[in-house]
Amino acid sequence: MISIALAGKPNAGKSTFYKAATMADVDVANYPFTTIDANRGVSSVRTDCPCLERDERCGNEACHDGKRYVPVELLDVAGLVPGAHEGRGLGNQFLDELTNADAILNVVDASGGTNEEGEPVEVGSHDPVEEVDFIEEEMNMWLAGIIERNWETVERQSRSPGFDIDDALAEMLTGFGATEADVAASLRELEYPDNPRDWTDEHREALARDVRARTKPIILVANKADVAPEENVERLRETGKPVVPATSEGELALRQAVEAGVVDYDPGDDDFEIVGDVSDEQEQGLERIRAVMQEWGGTGVQQSLNEAVYDLLDQITAYPVQNESKWTDGQGNVLPDANLLSRGSTPRDLAYAVHSDIGDGYLHAVNAKTDREISDSYELEEGDVIKIVSTAK
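> For the pairing of strand β12 (residues 362-367), give the residues involved together with the corresponding values.
Relative to strand β14 (residues 384-390), β12 is paired through five bridges, and the arrangement is antiparallel. Within β14, the residue paired with Ala365 across the bridge is Ile388. Relative to strand β13 (residues 372-374), β12 is paired through three bridges, and the arrangement is antiparallel. Note on β13: the bridge partner recorded for Asn367 is Arg372. A loop of four residues connects β12 with β13, the two strands running antiparallel in sequence, and Asp371 in this loop sits at a positive phi of about 55°.

Encoded structure:
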């Protein structure tokens, strides 16, 4: 499962984002370090379900009238303070939690209502642009420290016949989520001495920065956009980083209103309908949320997750089925599963994503939309419905 981590300084709204995106019961409070142990839960990304191309909707509980929700893991890491990579605020422990994440959502307090330590200050008095590079820099320096501490091993290995620096660094960085291909790509971009004993701190730091960027890409979530001075959000968007304005509190309020039966809303919608009885005060609160959604095209919570998975990580959604004409599994369920795969994946990759035995026994695949057999080299597209023919059952 794709894993997305929420990171940022304390009190930026990460736990509210997490609660809104997972509806899990977590502590949310207006003071730093509300979260100590990382919260892990399941959220979803949203895409168009292939059932929209048929006469009837699929009826899958993950499909809301053609809006398909595909599971992803969401990780809420405790707030990081400047100097986290040196251990400030239990920083190394919190940074370790980010190791297995595929992408990072850097949750920034766009309102400027908390300082760099996450302590409440007057709204607008702190410059949120100062937080833009904060998480990126802390992660870069943390990884550089890991490389530095393990460099003696690389130097020792370099004395052996057949030493390959790509292999040595890939072995070191596997725990950070870097593949051999990631390390090879980074080394192609960098200039460095052939002998590891001649590497300097600058060489190791450059490697850390490039590997981090490849393995832990970051999106800025301009949170608290509902109370932020408008110029703050605009200045964040002018930084050149991927930025999504968001109101985590607004999303949480809407999801709770849905549970209470007073609002009709699906995560990622750009509007909602009040369908139950609400007080004047509740209606005023909902209308304030609506105004923010109209300005930014939604609450930003679902949009952040979608941008991380479909844009930053360049994933596509494919739907494996057993019956290519009815688009069902063996029990007659229509479009029962949705798998996230890297763009460029093939039918065999999908087979392995379903189950290793299915992949090992792969014979061929059929595109259920065209009812035609497809080649093993066919690159899957978003929304493909695929029948895998395998010797495994």
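Structure's up, so let's keep going.
> Tell me about the sheet that holds β14, and name the residues and values.
Within the open sheet, the five strands sit side by side as β11-β10-β14-β12-β13. Their pairing is mixed. On the outer flanks of this sheet lie β11 (339-342) and β13, each paired with one strand and no other. On average, each strand axis in the sheet is inclined to that of its neighbour by 45°, with strand direction left out of account. The pairing of strand β10 (residues 315-321) with β14 spans four bridges and is parallel. When the bridges of β14 are listed, Val321 appears paired with Lys387.

> I'd like a description of unusual backbone geometry, backed by residues and values.
With phi around 70°, Asn11 is a residue other than glycine that occupies positive phi space. Locating Asn11 in the fold gives a position in the loop between β1 (3-7) and α1 (14-22).

> Hey, could you go over the pattern of salt bridges for me, with residue numbers and the actual values?
Within this structure, the stated rule accounts for 23 salt bridges. The salt bridge involving Asp314 is made with Arg343; its shortest N-O contact spans 2.8 Å. Placement of the pair is Asp314 in the loop between α10 (301-312) and β10 and Arg343 in the loop between β11 and α11 (347-354), with a sequence separation of 29 residues. Judged by relative accessible area, which is 33%, Asp314 ranks as partly exposed. Through salt bridges that share partners, Arg46, Lys67, Asp266 and Asp269 make up one connected network.

> Explain the environment of Thr328 residue by residue, including any values.
Its place among the elements puts Thr328 in the loop between β10 and β11. Residue Thr328 is classed as buried on the basis of its relative accessible area of 7%. Measuring from C-alpha to C-alpha, the distance between Thr328 and Cys58 comes to 9.6 Å, with 270 residues separating the pair along the chain. With residues near it in sequence (within four places) discarded, Thr328 still touches Val321, Gln322, Asn323, Asn333 and Val334.

> Lay out α11 in plain terms, naming residues and giving numbers.
When α11 is considered as a whole, its buried residues turn out to be Pro347, Leu350 and Ala351. Seen along its axis, α11 keeps its buried residues to an arc of 105°; they face one direction. Elements in contact with the buried residues of α11: β10, β11, α12 (356-360), β12, β13 and β14.

> Give me the lowdown on a negative patch on the surface, citing residues and values where you can.
A contiguous patch of negative charge, built from Glu230, Glu231, Glu234, Glu238 and Glu295, is present on the exposed surface. With three residues, the top contributor of residues to the negative patch is helix α7 (residues 230-237). With respect to the secondary-structure elements, Glu295 resides in helix α9 (residues 280-296).

> Break down the packing of aromatic side chains for me, with residues and values.
Using the criterion set out here, one finds three aromatic pairs in the structure. Here Trp142 and Phe176 contribute two aromatic rings whose centre-to-centre distance is 5.7 Å and whose plane-to-plane angle is 55°, an arrangement assigned as tilted. Within this pair, whereas Trp142 is found in helix α3 (residues 134-157), its partner Phe176 is found in the loop between α4 (165-173) and α5 (180-189), the two being separated by 34 residues in sequence. Overall, the relative accessible area of 4% leaves Phe176 in the buried class. Measuring from ring centre to ring centre gives 5.2 Å for Tyr192 and Trp199, while their planes differ by 45°; the resulting arrangement is tilted. The partly exposed category is assigned to Tyr192, whose relative accessible area is 26%. Residue classification places Trp199 among the buried residues on the basis of a relative accessible area of 5%. Grouped by ring-pair contacts, the aromatic residues Trp151, Tyr192 and Trp199 constitute a single cluster. Here the guanidinium or amino end of Lys216 rests over the ring plane of Phe176, the centre of that ring lying 4.4 Å away. Directly above the ring of Phe272 sits Arg290, whose terminal nitrogen or CZ lies 4.2 Å from the centroid.

Calculation notes
Residues numbered from 1 in each chain as written. Predicted model: local features only at pLDDT ≥ 70, side-chain atom pairs only at ≥ 80, totals over all residues. Heavy atoms only, no water. Pairing = 2+ DSSP bridges. Helix = DSSP H or I, 4+ residues; strand = E, 2+ residues; numbered from the N terminus. Axes fitted to C-alpha atoms, helices over the stretch in contact; angles between N-to-C directions. Salt bridge = Lys/Arg side-chain N within 4 Å of Asp/Glu carboxyl O. Buried < 20%, exposed > 50% of the residue type's maximum accessible area, 1.4 Å probe, protein only. Contact = heavy atoms within 4.5 Å. Arc of directions from axis to C-beta. Patch = residues over 30% accessible without salt bridge, like charges linked within 9 Å, V, L, I, M, F, W, Y side chains within 5 Å. Areas by Shrake-Rupley, 256 points an atom, 1.4 Å probe, with all protein chains shown as cover. Lys, Arg positive; Asp, Glu negative; His and termini not counted. Charge placed at Lys NZ, Arg CZ, Asp CG, Glu CD. Phe/Tyr/Trp six-rings, centres within 6.5 Å; stacked < 30°, edge-to-face > 60°. Lys NZ or Arg CZ within 6 Å of the ring centre and 35° of its normal.

Read these as layout, nothing more, since geometry by itself doesn't imply function.
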